[in-house]
Amino acid sequence: MKDKKTLINKINTELKIYINEATFISNSCRNKLIRLLGKEFDISLPLEDFANIDIRLFENGNIEMRGDVYSREEEIPFSEVLERYQRFSEKADALLQRRGKTRFPNNDKNNIKNLFVVVMISIVYIVVIVYAVRSFLHGNFINSLWLLFVFLPWLFPNVRDRFVQAFHYIKRKFRK
């Protein structure tokens, strides 16, 4: 008897995780997940636009959602509940995988563009500094001063933020 309780508790915890993940993606994804659960257990669950939806599954296959119990016409054995939940979890994983992961998220696109801009600006800085040092060594003090004191500060305010963003992006990627 205790084994059933622990399995049901584990299933209900997983259901909460599925609902939270689907809600994080979108409300329509959460509603598809709820429809999928109701379809798997042959129960018509209402789709509501509440911020928080909590779902519990009982040992007999009945489902409680937001305090209301939705029951089946006939109870099913616990082994069939486990089989149905297994099928539901496979479909839910496929739904969340398909909806949650795009090929290349926009945030990553923007960060990679930022890295490209940082590399290009770094190259420009290096070229300007090398040219300024060469001008200084050849005696063209006006060219070197003009490049170092006029051109570089003009670029610096924009570059510092980009370097910080690029640094944080690389740091996040290496943590994963």
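In this report, we go over the structure that sits alongside the text. In this text the structure is predicted, and so the values were computed from the model without any measurement.

## What to know about the nonpolar core
Here is step 1 of the chain: Within the largest apolar cluster, 26 residues are counted, with the highest numbers of intra-cluster contacts made by Phe41, Ile55 and Phe88.
Here is step 2 of the chain: Looking at this core, the elements that each hand over two or more residues are α1 (2–25), α2 (27–40), β1 (55–57), β2 (63–65) and α3 (78–100).
Here is step 3 of the chain: Per element, the largest residue contribution to this core is six residues, and it comes from α3.
Here is step 4 of the chain: Sequence-distant contacts of Phe88, defined by excluding residues within four places in its chain, comprise Leu15, Tyr18, Leu33, Leu36, Leu37 and Glu40.

## Comments concerning the sheet that holds β2
Here is step 1 of the chain: Here we have three strands laid out as an open sheet, ordered β1-β2-β3, and antiparallel in their pairing. The sheet is open, and its two borders are formed by β1 and β3 (68–70), each paired with just one other strand. The mean inter-strand angle of the sheet, taken between neighbouring strand axes irrespective of direction, is 25 degrees.
Here is step 2 of the chain: Bridge count for β1 against β2 is three bridges, and the pairing is antiparallel. In the strand pairing of β2, Ile55 is matched with Met65.

Rules of the game
Residues numbered from 1 in each chain as written. Predicted model: local features only at pLDDT ≥ 70, side-chain atom pairs only at ≥ 80, totals over all residues. Heavy atoms only, no water. Core = buried A, V, L, I, M, F, W, Y, C linked by side-chain atoms within 4.5 Å. Buried < 20%, exposed > 50% of the residue type's maximum accessible area, 1.4 Å probe, protein only. Helix = DSSP H or I, 4+ residues; strand = E, 2+ residues; numbered from the N terminus. Contact = heavy atoms within 4.5 Å. Pairing = 2+ DSSP bridges. Axes fitted to C-alpha atoms, helices over the stretch in contact; angles between N-to-C directions.

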